[in-house]
Amino acid sequence: MLRTVIFAFLHCLMTGNVVSQNIHTIIFASTSDVSIGAGCAKNSDSFESFTSRVARGLGIPQLRNTPKKYVGLECSSKSYNSFIESFECKSEDIVFFAYFGHGAPTSQSEFPLIGFHKDYVSIPLEDVKRDLIAKGAKFVFVMGDCCNGNTSDRPRASKKYGTDNIIGTTSGLQPQLSVNFVQADSSEPRVLKQLFGQAGSLIASGCRRGESSWYGYGYEGGYFTNGFMEGLDEYISQNPIEPSWDALMEIVRKRVREYSTIQLSLPGNIKKAKGQEEQTPIWQSITHAFRPISKDAIQNNGKHSVSELLNLLKSSKQSDTDD
C-alpha cells in the first residue's frame, strides 16, 4: 500500500500536478478620469490579457488567475490599503500589479508617486513593490503608466489634437499605435518560463523623473503600456537563448521613445528643455538565476520531499524482501 501511494505521488510530481502555482493580477485604473479614463480602461484590458498570456505560457489554469480590479471611484488609496492588508499568496506564486492614472515625482525615488485622484493621496510606486514582496511571492511585477514630472512643465497638447489634464498624464493625437499579440510560437512558453521562473521582482515606470507619460487620444491607451505589449511580442519572436528582463525592457524603452518623439513633433506641442523631450521608461529588475520548481523542494503536506519518498520506497522494497 505504501509503495502504491509513493508511486502515485511521484507521478504527480513528474507531471507537475502537485504544486498549485497561482497568478495574482491586481489592477488600479483611473477609468473615470475625464482626460485619460478611456486610455486607462484600454490599459487595464491589455494588462489583463498579458497576465492571461503568461498563465498560458506557464501552464497555469485561468481559474488560478482571477484579476482584482479597482477602477473608477474604487481606484483610491483606501482601496489599496484595504487590499494590501488582506492580500495573501504562496511562496511559488507570481503577483502582477499595475497602476494606470495620474502620477507625480518624489525626491525619495526615481520612480513616481501614484496619485489616487479620488482622495488626493499619493503612494510611492516603490512602496507598492515592497508591500507585495513582503507577502512572500516568488516573483513580483509592478508597473506604473503615469507621469513622473511637475504639472507646470509637462508637454501640452493643443486642444485641437487632444485635451490637457488637470494633473499628470497628457493626452494627444494618437501616432498610429496598435497592439496585436503575435501568434504564439514554440519559443513563447520557454521565454515566459525563464522570465517568470526566476525569483525576484521587476518594477517599471512609463517615464523617468521630470517627464510625462503620454496616453493616446481616445481609447488607445498609454504609450508605455502599448510599448510593453509590443516589445514583449518582438522579444519573444527573437527567441533569445538566455531571456532577461533588461533585454526586454531595452526594446520597450526604444519603442516608447519613438512613440513620444512622434507625439512631440505634432502641431501644438511645446518641446521641453533638452534631455526632457522624450518619454523614457525606467525599470529595476532584481532576479536570481532561472529557478524551475525543484522537485526535491516540494513538500508532501510539509512532511516528505521527493528524495525522502524515494528512500521510503527503497525501504519498502527492502521490507518486502525481508518478509
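That block above? That's the structure.
Reading the values: the criteria
Positions within a chain are numbered from 1, following the residues in the order the chain's sequence is written. In keeping with the model being predicted, local features are shown solely for residues with a pLDDT of at least 70 and side-chain atom pairs are shown and tallied solely at 80 or more, while totals for entire chains, interfaces and linings include all residues. The basis for every side-chain value is the complete set of heavy atoms in the structure, and neither hydrogens nor water enter the calculation. The way it works is that DSSP assigns letters per residue, a run of H or I at least four long becomes a helix, a run of E at least two long becomes a strand, and they are numbered from the N terminus. Classification of residues uses two cut-offs on accessible area relative to the type maximum, computed with a 1.4 Å probe and protein chains only: under 20% is buried, over 50% is exposed, and between them is partly exposed. When checking whether two residues touch, look at their non-hydrogen atoms; a contact exists if any pair is within 4.5 Å. Here, Shrake-Rupley sampling with a 1.4 Å probe gives the accessible areas, and only protein chains in the shown set may cover a residue. DSSP-based pairing: two strands are paired if at least 2 bridges between them are found. Axes here mean lines fitted to C-alpha atoms, for a helix over just the part in contact, with angles spanning 0 to 180 degrees between N-to-C directions. To estimate how far a helix should reach, multiply one less than its number of residues by 1.5 Å. The term polar contact refers here to a pair of N or O atoms within 3.5 Å; inside protein, the definition further demands a hydrogen-donor-capable atom paired with an acceptor-capable atom, and it admits residues adjacent in sequence only when both atoms are side-chain atoms. Every angle not falling under 35 degrees, over 145, or within 65 to 115 is termed oblique; those three ranges are roughly parallel, roughly antiparallel and roughly perpendicular. Under the grouping applied here, Gly and all other residues not named as nonpolar or charged are polar, the nonpolar ones being Ala, Val, Leu, Ile, Met, Phe, Trp, Tyr, Cys and Pro and the charged ones Asp, Glu, Lys and Arg. Cysteine sulfur atoms are paired as a disulfide whenever they come within 2.5 Å of each other.

1. Comments concerning the overall build of the chain
Turning to step 1, where the next piece is worked out: Within the chain, the secondary structure is distributed over eight helices and eleven strands.
Turning to step 2, where the next piece is worked out: Going through the 323 residues of the chain one by one, you find that 51% of them count as buried.
Turning to step 3, where the next piece is worked out: At a minimum sequence separation of 6, the contacts of the chain that also span at least 24 residues come to 78%.
Turning to step 4, where the next piece is worked out: Roughly 15100 Å² of accessible area belongs to the chain as shown, and the carbon and sulfur atoms make up 51% of that amount.

2. Describing the sheet that holds strand S4 (residues 102–106)
Turning to step 1, where the next piece is worked out: On the basis of which strands lie adjacent, the open sheet formed by three strands has the order S4-S5-S6 and antiparallel pairing. What marks the edges here is a single partner per strand, and that holds for S4 and strand S6 (121–124). Across the sheet, the mean angle separating the axes of adjacent strands is 35° when strand polarity is ignored.
Turning to step 2, where the next piece is worked out: Bridge analysis of S4 against strand S5 (residues 109–116) gives four bridges, and the strand direction is antiparallel.

3. Some thoughts on helix H6 (residues 223–237)
Turning to step 1, where the next piece is worked out: If you check H6, its first and last C-alpha atoms are 21 Å apart, about what 15 residues at 1.5 Å a residue would give, namely 21 Å.
Turning to step 2, where the next piece is worked out: Of all 15 residues making up H6, 13 are buried, and the element is well covered by its neighbours.
Turning to step 3, where the next piece is worked out: Phi for Asn239, located one or two positions after H6, is positive at around 50°.

4. Some words on the side chain of Thr106
Turning to step 1, where the next piece is worked out: Within the fold, Thr106 resides in strand S4.
Turning to step 2, where the next piece is worked out: One polar contact links the side chain of Thr106 to the main-chain amide nitrogen of Gln108, over a distance of 3.2 Å.
Turning to step 3, where the next piece is worked out: Not counting residues up to four positions away in its chain, the partners in contact with Thr106 are Phe111, Leu113 and Arg209.

5. Here we look at the packing of helix H2 (residues 37–58) against helix H5 (residues 187–196)
Turning to step 1, where the next piece is worked out: One way to put it is that H2 packs onto H5 with a least axis distance of 8 Å and a crossing angle of 100°. Relative to H5, H2 is oriented roughly perpendicular. Here H2 contributes Phe50, Arg53, Val54, Gly57 and Leu58 to the contact with H5, which in turn contributes Glu188, Pro189, Leu192, Lys193 and Phe196.
Turning to step 2, where the next piece is worked out: Here the residues of the contact of H2 with H5 sort into six nonpolar, one polar and three charged.

6. With respect to the state of the cysteines
When the sulfur atoms of two cysteines share a covalent bond, that bond is a disulfide.
Turning to step 1, where the next piece is worked out: Counting across every chain of the model gives zero disulfides.
Turning to step 2, where the next piece is worked out: Among the cysteines around Cys146, which has no disulfide bond, Cys207 carries the closest sulfur, lying 6.8 Å off.
Turning to step 3, where the next piece is worked out: Judged by relative accessible area, which is 0%, Cys146 ranks as buried.
Turning to step 4, where the next piece is worked out: The thiol sulfur of Cys207 is not disulfide-bonded, and the nearest other cysteine sulfur, from Cys147, lies at 5.7 Å.
Turning to step 5, where the next piece is worked out: Under the relative-accessibility criterion, Cys207 is labelled buried at 0%.

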